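# A closer look at the structure
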Amino acid sequence: MSTHSGVVSRLLQAAACTSLLVAGCVGDIGSGSSTSGSSGSSGAGANPTGGGTSSSGGGDAVCNPRLERRVVLLADLQFMNAIRDLLGDEAIEAEQAPDARMKPFAKKGFVVGTSLVHTRLARAAYAAESISGRFEQVTGCAPNGDDACAKTFLTKFAQRAFRRPVDQAELDNLWSVYALGKETSYEQGVSLAVEALIASPSFSYRTELGGDADGDVVKLAAHEVASELSFFLTDSVPDAELAAAADSGALNDPEELARQTERLLGKPETRSSLNTTLIAAWGLSNLFGTVKDPGLFPEYTSALQASMFHETELLVDDLLWNRGGDVSELLTTRETFVNDVLAKVYGVEHTGSSPEEFTKVELPADERAGILTQPGLLATLARTDNTSVVARGLFVRGALLCLGKIPSPPESLSDAIKELLEADMTERERADARAANSTCAACHAQFDAFGLLLENYDPVGRYRDTLDGEPIDARVNLGNIAEVAGSYASAVEFAEAVAQNDGFAACITRHLLTYGTDDETLQTRDCQVERVIEALPAGQRTLTNVVKAIVTSPALTERAKEE
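A brief look at the structure comes next.

Procedures and definitions
- Residues numbered from 1 in each chain as written.
- Predicted model: local features only at pLDDT ≥ 70, side-chain atom pairs only at ≥ 80, totals over all residues.
- Heavy atoms only, no water.
- Helix = DSSP H or I, 4+ residues; strand = E, 2+ residues; numbered from the N terminus.
- Buried < 20%, exposed > 50% of the residue type's maximum accessible area, 1.4 Å probe, protein only.
- Contact = heavy atoms within 4.5 Å.
- Areas by Shrake-Rupley, 256 points an atom, 1.4 Å probe, with all protein chains shown as cover.
- Salt bridge = Lys/Arg side-chain N within 4 Å of Asp/Glu carboxyl O.
- Core = buried A, V, L, I, M, F, W, Y, C linked by side-chain atoms within 4.5 Å.
- Polar contact = N/O pair within 3.5 Å; in protein donor to acceptor, adjacent residues only side chain to side chain.
- Disulfide = S-S within 2.5 Å.
- Phe/Tyr/Trp six-rings, centres within 6.5 Å; stacked < 30°, edge-to-face > 60°.

## Thoughts on the overall build of the chain
Looking only at helices and strands, the chain has 26 helices and ten strands in total. Counting over 563 residues, the chain shows a buried share of 52%. Pairs at least 24 apart in sequence give 72% of the contacts found in the chain among residues at least 6 apart. Per element, the accessible surface of the chain, about 23700 Å² overall, is 52% carbon and sulfur.

This is the structure we're talking about:
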């Protein structure tokens, strides 16, 4: 195909006006977090420039807290899960029921504003009104019961809703609300008090304030640790046993914290929640918003999208939990799960008893390797009518390897970029055009090669050897990217090489730590991540071991005293 020298020339001309931006691009490379979560923390008092001393020089090196004492806003999924676990499914409007598949990984742009406040007030009102018709079931009180029963229920409910002891002043205010509602009816008094509790900031926020500082370090209180641990692992409030461990103070003991973590890891809801956290970190929920040209890809339906997503869910669950595999096996396994429509994409036989049934299959070793070559991910990272070296390359660099954020191109290049995308070129020719431009090359050299490795997979993730009758050349040299330097002939070869070191495990750790602490600026080279990797038993980089090492690390239980 023609390289369209006119397009390249216009790209170069536009770049000449922005050559000073090259230094800014290079300066940012490697300094950000993954592409799936690269903004500042949503918690008040976050300290993204902190982070302590790296521990890579030795186990005795100081690793100070990255985060200052703060309060953290619950994500919508966590807010709704908490209501559901306190009051049952009936407390949530059907259309508002949380969909864990759409769980956002980062809270970028999630701020307290008029819209959020009104939404949460409305949800609190609906939850409280849902008690009507099941009053005795929820409260344990007769519909026309006495004040003592109402106060017993509300005291326990307040402690669960706030995830901590409730002081007398708060209880006095609660009784005032109850008394106001009771002027209408006994049930209304309880309902209004429940609404007030769910509408309270103490429900929507969790605190990380701790007690007295020990030097510059503050240890979180037991109830704060219980809340952080529970929302990290289950996206909801602490269960009865974890809350009791916090009430007694036992959770201040690292051994009890480890025991509670081990217990929670045995619960199906924890397993499901952690799986979804990883899938969210990879941005796979974006699959449901993708569109393909129906003339080119008529098979790309909502049913196929759902099948692609469920494939990843099944693989992650089977590999990391059923088999207890090393997290790196997510990059190397040739096994996966397919139903009939997905089997057609892979070009394998479906042996299920019905078209909808998912069955385990072995994929061709020279074509597929783990999540990196799954159709759902590849379809998400492609355009409507073509693949995208840029989108796929940024994913590998950011969400898969956590090598750092790449800044957006300058606005002055937008027309030239659009023209380049519309030109009749292969993706490799487009990459070559960017490499010929000094401004573009500085950034694109950091990720285009990753995307070129995936050119053997079409926009819906089918494997192909040729494009328009010409052999596809997926070979790349990553010598300019130190962490993965080398020459690779295919995505399969690359995945197998990456799985041999700690880079992918460190990225998984970074994602989980980020989700658990709301520290979206965390990087794999920070000592908090390095110490988790160092704490893993030799040769046992399983998901459960990674989680246990995170939970028992200071990164979760310590904060810095404000300067």
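There is more to say, and it comes next.
## Structural notes on the pattern of salt bridges
For the coordinates displayed, the defined rule picks out 39 salt bridges. Put simply, K344 and D340 hold a salt bridge, and the shortest N to O gap is 2.7 Å. Within this pair, K344 and its partner D340 are both found in helix α15 (residues 340-346), separated by four residues, close to a single helical turn. When its relative accessible area of 57% is taken as the criterion, K344 is described as exposed. D448 is paired through a salt bridge with R434; the nearest N and O atoms lie 2.9 Å apart. Residue D448 is found in helix α21 (residues 448-452), and its partner R434 is found in helix α19 (residues 427-435); the two are separated by 14 residues along the sequence.

## Section: the nonpolar core
Considering soluble globular proteins, one finds that nonpolar side chains tend to be buried as a cluster. If you look at the biggest cluster of nonpolar residues, it comprises 101 residues, and the most contacted ones within it are F232, F450, F494 and L512. At eight residues, the largest contribution of residues to this core is made by helix α14 (residues 302-322). Those residues in contact with F494 that sit more than four places away from it in its chain are L372, V396, L401, F450, L453, L478, V484 and Y488. Counting 37 residues, the second-largest nonpolar core is a separate cluster that includes M80, L87, A124 and F231.

## Here we look at the side chain of S273
By the secondary structure assignment, S273 is in helix α13 (residues 268-281). Here D235 takes part through its side chain, which lies 3.2 Å from a polar atom of the side chain of S273. Setting aside its immediate chain neighbours within four residues, S273 contacts K103, L233, T234 and D235.

## Details of the state of the cysteines
Scanning the model with the defined rule gives three disulfides in all. With its sulfur 2.0 Å from that of its partner, C402 forms a disulfide with C507. Looking down the S-S bond of the C402 and C507 bridge, the torsion is 70°, so its handedness is right-handed. Of this pair, C402 sits in the loop between α17 (389-400) and α18 (414-422) while C507 sits in helix α23 (residues 503-517), placing them 105 residues apart in sequence. When sorted by exposure, C402 lands in the same class as C507, which is buried. Lacking any disulfide linkage, C440 is separated from the closest cysteine sulfur, that of C443, by 8.4 Å.

## Brief notes about the packing of aromatic side chains
The tally for this structure, following the rule as stated, stands at nine aromatic pairs. Between F153 and F157, the ring centres sit 5.7 Å apart and the planes meet at 35°, which makes this aromatic pair tilted. Highlighted residues: F153 and F157, both in helix α6 (residues 147-162), separated by four residues, approximately one helical turn. Just as F153 is buried, F157 falls in that class too.

## Focus: unusual backbone geometry
With the exception of glycine, the majority of residues adopt a negative phi angle, and the majority of peptide bonds are in the trans configuration. Of note in this structure, R163 is not a glycine but carries a positive phi near 60°. The residue R163 is located in the loop between α6 and α7 (168-182) in this model. Positive phi values are uncommon outside glycine, yet C402 reaches one of about 55°. The buried category is assigned to C402, whose relative accessible area is 7%.

## So, the environment of V217
Position of V217 relative to the elements: it lies in strand β3 (residues 217-219). The spacing of V217 and E558 is 341 residues in sequence and 6.6 Å in space, taken between C-alpha atoms. In contact with V217, not counting residues within four places along its chain, are P65, E558 and R559.

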